[in-house]
Amino acid sequence: MSTLSLHVIDSHTEGEPTRVVISGGPDLGSGTIAERAVILREQHDWLRSAVCNEPRGHEAMVGALLCEPYEPDCCCGVIFFNNVSTLHMCIHGTIGLTVTLAHLGKIGPGIHRIDTPVGVVETELRPDGSVEVANVPSFRTAAAVKVNVPGWGEVCGDIAWGGNWFFLVGNQGPAIQPSNIEDLTSFACDIRNELEKQGITGDHGMEIDHIDLFGPPSDPTWADSRNFLLCPGKAYDRSPCGTGTSAKLACLHADGKLKPGEIWRQAGILDTIFCGRIEEIAEGKIIPYVSGRAWVNGESTYFFDSTDPFRYGIPLSI
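Rules of the game
Residues numbered from 1 in each chain as written. Predicted model: local features only at pLDDT ≥ 70, side-chain atom pairs only at ≥ 80, totals over all residues. Heavy atoms only, no water. Disulfide = S-S within 2.5 Å. Buried < 20%, exposed > 50% of the residue type's maximum accessible area, 1.4 Å probe, protein only. Salt bridge = Lys/Arg side-chain N within 4 Å of Asp/Glu carboxyl O. Helix = DSSP H or I, 4+ residues; strand = E, 2+ residues; numbered from the N terminus. Pairing = 2+ DSSP bridges. Arc of directions from axis to C-beta. Contact = heavy atoms within 4.5 Å.

A. Representation of the state of the cysteines in the model. Taken as a whole and judged by the stated rule, the model has 0 disulfides. Cysteine Cys74 shares no disulfide, and the gap to the nearest cysteine sulfur, in Cys75, comes to 7.0 Å. Classification of Cys74 as buried rests on a relative accessible area of 9%. The thiol sulfur of Cys76 is not disulfide-bonded, and the nearest other cysteine sulfur, from Cys75, lies at 4.0 Å. Judged by relative accessible area, which is 4%, Cys76 ranks as buried.

The structure is reproduced here in structure tokens:
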């Protein structure tokens, strides 16, 4: 039996899981969180696989490694990852991390700064238990980009940054409802494949690895839109996706459809809600504020028996 062990706490944010690694992770040095994310990805990928892949995890699991912050005014640092790699940013995971820190008694209601690979974000833990995240600056970089997708025809979408790169498609393809999850997944996968084949990227050649499909809400009295979000690794987001909501807010603002002080209510495929608002900053960028709720639902210690062939997770290639 190995002496290695990981202590994790599970939560879900509006249906989407977050698994925070509290202790037992590798020494990643004292560089920036972005630099440490590269070290985790290139030298310690066993941790990601062990946390997110079967037999402990599943395709929708998102992990969060709790780190000492690089920026001195932050309460912690965090590196997010999923079933295939590290993530730039994750708002549902930040909300889950916030309630996890409160569960541990490390923070209370109020505003807290968290160091991430794409910069510092602020979270506000409210007295009612909900959390609002002030995300990194977000923006649309291209509008009405047309992509010919075999089997689906011409698809038109916007390219935007909300902490990850998104291709946002409105009112095209299968209806946004749970009975169409398989077809929605196929549609979104085909779009992503064509973007890659045609060399369509975010700024600086960065891969567009999130596809966000939008349609009308199931009930317009309590939501403005409903979405289906395909994450890297071909899992769909059970929540409305916080970085995707940030990208959506940037597009709405660029189109003159959302002003500071107005609220956008984004429903996900499970009809749970993220509320979004914006603050304008220079050069066409916004600060998105995204709020939702998360609940701590478990705590575990992982052991790594040297005789267990899947102690570091079952590779997706099997």
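B. How the structure looks around the pattern of salt bridges. Evaluated as defined, the whole model comprises 11 salt bridges. A salt bridge links Lys197 to Glu194; the shortest N-O distance between them is 3.7 Å. Here Lys197 pairs with Glu194, and both are found in helix α4 (residues 181-197), just 3 residues apart, close to one helical turn.

C. Structural detail: the pairing of strand β2 (residues 16-23). Counted residue by residue, β2 has 7 buried out of 8 residues, so it is predominantly covered. As defined by bridge partners, strand β1 (residues 5-13) adjoins β2 across 7 bridges and the pair is classed as antiparallel. From the neighbouring strand, Val8 faces β2, where its bridge partner is Val21. Between β1 and β2, which pair antiparallel one after the other, the connecting turn spans 2 residues, and Glu14 there sits at a positive phi close to 50°. For β2 and strand β3 (residues 62-67), the ladder comprises 4 bridges, and the chain directions are parallel. Bridge pairing in β3 places Arg19 opposite Gly63.

D. Representation of helix α1 (residues 33-43) in the model. Inspection of α1 places Ile33, Arg36, Ala37 and Leu40 among the buried residues, and these make up the whole buried set. Viewed along the axis of α1, the buried residues span an arc of 105°, placing them on a single side of the element. For α1, the exposed residues set more than 90 degrees away from the buried face come down to Glu42 and Gln43. Where α1 is buried, its residues contact α2 (45-52), β3, β4 (76-81), β5 (86-87) and β6 (110-116).

Everything listed is a geometric property; what it means functionally is a separate question.
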